[in-house]
Amino acid sequence: MTLPKRYDPKHSEPRWQAFWEREGIFRFDPQDAQRPVYAVDTPPPTVSGAIHMGHVFSYVQAEAVIRFRRQRGYNVFYPFGFDDNGLPTERFVEKTHNVRGRDMPRAEFVKLCLETTREVEQKFRALWQSLGFSVDWSLEYSTIDERSQRISQRSFLDLLHKGLVYRKETPALWCPECLTAVAQAEQEDRLTETLFSDIVFELEGGGTLTIATTRPELLPSCVAVFVHPDDERYRALVGRRARVPLVEASVPVLANDDVDREKGTGIVMCCTFGDTKDIAWWERFKLPLAISLARDGRMTERAGAYAGLRIVEARRKILEDLAHSGALAGQRTIAHVVNTHERCGTPIEFLPAKQWFIRVLDGRERLLQAGAQVRWFPPEMKVRYDHWVENLHWDWCISRQRFYGVPIPVWICRRCQGIVPARADELPVDPHAADPPGPCAGCGSSDLEPDPDVLDTWATSSVTPQIALRWGERTGDLTGRLLPMGLRPQAHDIIRTWAFYTIVKSLYHHGTIPWRDIMISGHVVDPARQKISKSRLDSRSPLARVFAHPERVIERFSADAVRYWACRANLGVDTAYDEKMIEQGRRFVTKLWNAARFALAHLEDYAGEPGAASLIDRGLVAKLEDVERAATTALARYEFGTALREVEGFFWSVLCDNYLEMVKVRLYDPRTWGEDSRRGAQATLYRALLDVLKLLAPFMPHVTEEIYQLGFREREGQVSLHVAPWPEPAGAADGAAARAFDLAVDVVTAVRRYKSERNLSMGAEIAALWVGADGETCGTLQQSLAELQSTSRAREIHFEPQTGPPWGHSESGIALWIES
């Protein structure tokens, strides 16, 4: 049972990772009907760059609570996936290989994406394994593999048959950089400085009016001018027509009670389309469609002399021409919020196109009720979900005009625009490469064309529970047994996307929530509390160089030290990247090893006899069981930081600083204190160390496993610490024993302070120690004579049930006299 002098994580951590995989320690057993199942909907990291310390932070936190559930006796279903389809991966591949998908044959670009993602996923997998993740890698998936495509298409067809997905030509959010439609959740607000320009319109029949706008390039798309019906300044203008400057067009002046009279001049032009108000007004007043902006971000032929110019170029040229013509009445710089595409930062436009949508607007109440059925950790994160659902303005757009994604499994009838869906038993299907299952049911025509679009990556990521559980597959379908799953861990910035979309799909497909609990992590921030974004990772700052390479941090400090840093945080709270905390984790690993080495050296001849437990032994066990209760409660609520701090505090302050010192004399000197007393100390030490290892196993799995294997496996019998039972208190809390332990610690602490103030060694002997207290306290302390002598190094200890002029007082008010 003797441990080597030093623990070497560089050697030990890979060895135990290989051992766990070889022994199948973390394999889910679908045949086990005895244990309850704890199923996890693991976040599949997006294959769009490198894993950084922010990913490590949140994934380790979730993995720690999953380990806890396994130790609690659950049959854990813990898959892992990679999100490797859609726009994020496309942009990554384009950047990596300096190509553009639009300039390559589609098949060639898709092949390049597949090859690139496979290489990246191998690196991702190696990193997660180096952190000791207790994943069942036999359940691995990628969102572009055949099963995921089949289930994603199955989801689409199911919603199509239920009338919950529809295709419509309508103004939709559009990114002119990525050349695709986007969903409402993919917008990002950015505060931007821009020019607010006053533009003069001439009125037919004489007179002028002035509008103020930040989008002069949309003048060619102006289809009406609106004023508020109660605005006395402009009431007389209603019904007249105005000429759009620089454009050969005449538009009506209309009354609209949605006009903000206080903004700008109080007169607003309606363009197709500048924003959501334009869309609403266009529909309400049945205005004509005038599109002057193309999908590629250039002006169309309708823009006349400005055709072919990009948006910013057209804006500049139009302002110059307005100034030259005298129609530019004034300008001022303002800061306003611009909706941009979160993937590339390009301002979002509104362009009409045929897109696929999932109905969510008319299901808001059901979605709010579903969100209320999920347990949110921390609870305040539910507000973000509710706020998002309550403020939805669009149905969920799921079609994308890109190349690398899951094909939409339908054909379109050229004659009547009817939909011909793929057969369910033929999925996955690529309509570009397969024949349709038959003619159009609406008109009988066989003149069909494949839907040109692919599904948004979120349309597939939203069915990760179904993918992991093999929904609808011929073999291994676990949805009936494991849905709702136990846990969804994720970050707070994707509540409006991943959490919301997954709830939508589960509710629409199965009529139930996707998981019972959702665990929301925070972000890692810099010392100034700013999020370390992907763009900052590309910089050359020292923080970026470290943050972007977790494998180097693991190599330098060890996986257990990095895990300690991640789990020392609080759930849902943004946390600064702090290498001092990682270094503290490394010291903790070393201290645990040294304490275990000392303890196991004194347990070599221990054969399991209970011995005679002293009051201090019972006090230690009482305090240990208090920690077990606290850690269990905290981890059950996903409060890993609280649990780790509780266990760490017990280990340092109670076990190492005090109990090990108190018990030494009974371990070293059985002739004085009796063999039975030594066995009692051994039994207590054995249980305390083993339970501490179990309590720390979720956070620092490698060093705890090594100590267990060398010191406990032969006697305990479990093949791994990580499948050994979680420590459970034997009975009710023993407050009297815990108080006795604390009283002894108070006396010892006072003696240590006495020696420190006199520059005496802690091992220095003192001639005598008198303890003055009430009779009950003296009687309690007298039962701990051996431990008090061991730690105080007093040749004599006297207990005086009285008061007098003490040298000092302990924390609990015990009077002490010391004769040195």
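So, a few notes on the structure that sits alongside this text.

What counts and how
Residues numbered from 1 in each chain as written. Predicted model: local features only at pLDDT ≥ 70, side-chain atom pairs only at ≥ 80, totals over all residues. Heavy atoms only, no water. Helix = DSSP H or I, 4+ residues; strand = E, 2+ residues; numbered from the N terminus. Polar contact = N/O pair within 3.5 Å; in protein donor to acceptor, adjacent residues only side chain to side chain. Axes fitted to C-alpha atoms, helices over the stretch in contact; angles between N-to-C directions. Parallel < 35°, antiparallel > 145°, perpendicular 65-115°, else oblique. Left-handed = near helix turned anticlockwise from the far one by under 90°. Contact = heavy atoms within 4.5 Å. Buried < 20%, exposed > 50% of the residue type's maximum accessible area, 1.4 Å probe, protein only. Pairing = 2+ DSSP bridges.

**Notes on the side chain of Asp41**
No. 1: Checked against the element boundaries, Asp41 lands in the loop between β1 (37–39) and α2 (53–71).
No. 2: A polar side-chain atom of Asp41 sits 2.8 Å from a polar atom in the side chain of Thr464.
No. 3: Of the polar contacts made by the side chain of Asp41, one reaches the side chain of Arg488; its length is 2.6 Å.

**Examining the packing of helix α5 (residues 146–161) against helix α13 (residues 495–510)**
No. 1: Contact pair α5 / α13: the axes reach a minimum separation of 10 Å and the direction vectors enclose 60 degrees. When the interaxial angle is binned, α5 and α13 end up oblique. Handedness of the crossing formed by α5 with α13: left-handed. Of the residues in α13, those touching α5 at Ser155, Asp158 and Leu159 are Lys505, Tyr508 and His509.

**Re helix α23 (residues 701–711)**
No. 1: Of all 11 residues that make up α23, 10 are buried, and the element is covered over most of its length.
No. 2: For α23, every residue scored as buried is listed here: Pro701, His702, Val703, Thr704, Glu705, Glu706, Ile707, Tyr708, Gln709 and Gly711.
No. 3: In this structure, the buried residues of α23 make contact with α1 (9–23), α2, α17 (559–567), α18 (579–601), α22 (675–696) and α24 (713–716).

**What about the sheet that holds strand β19 (residues 419–421)?**
Whenever strands of a sheet pair, they do so through backbone hydrogen bonds, lying parallel or antiparallel.
No. 1: Spatial strand order, β19-β18-β20: 3 strands in an open sheet with antiparallel pairing. Both outer strands of the open sheet, β19 and β20 (448–450), are each paired with one neighbouring strand and no more. On average, each strand axis in the sheet is tilted by 30 degrees relative to the strand beside it, whichever way the strands run.
No. 2: In the sheet, strand β18 (residues 410–413) pairs with β19 via 3 bridges, with the strands oriented antiparallel. Its bridge partner being in β19, Val410 is matched across the sheet by Pro421.
No. 3: Sheet contacts for α5: β18 and β19; angle to β19, the most-contacted strand, approximately 130 degrees.

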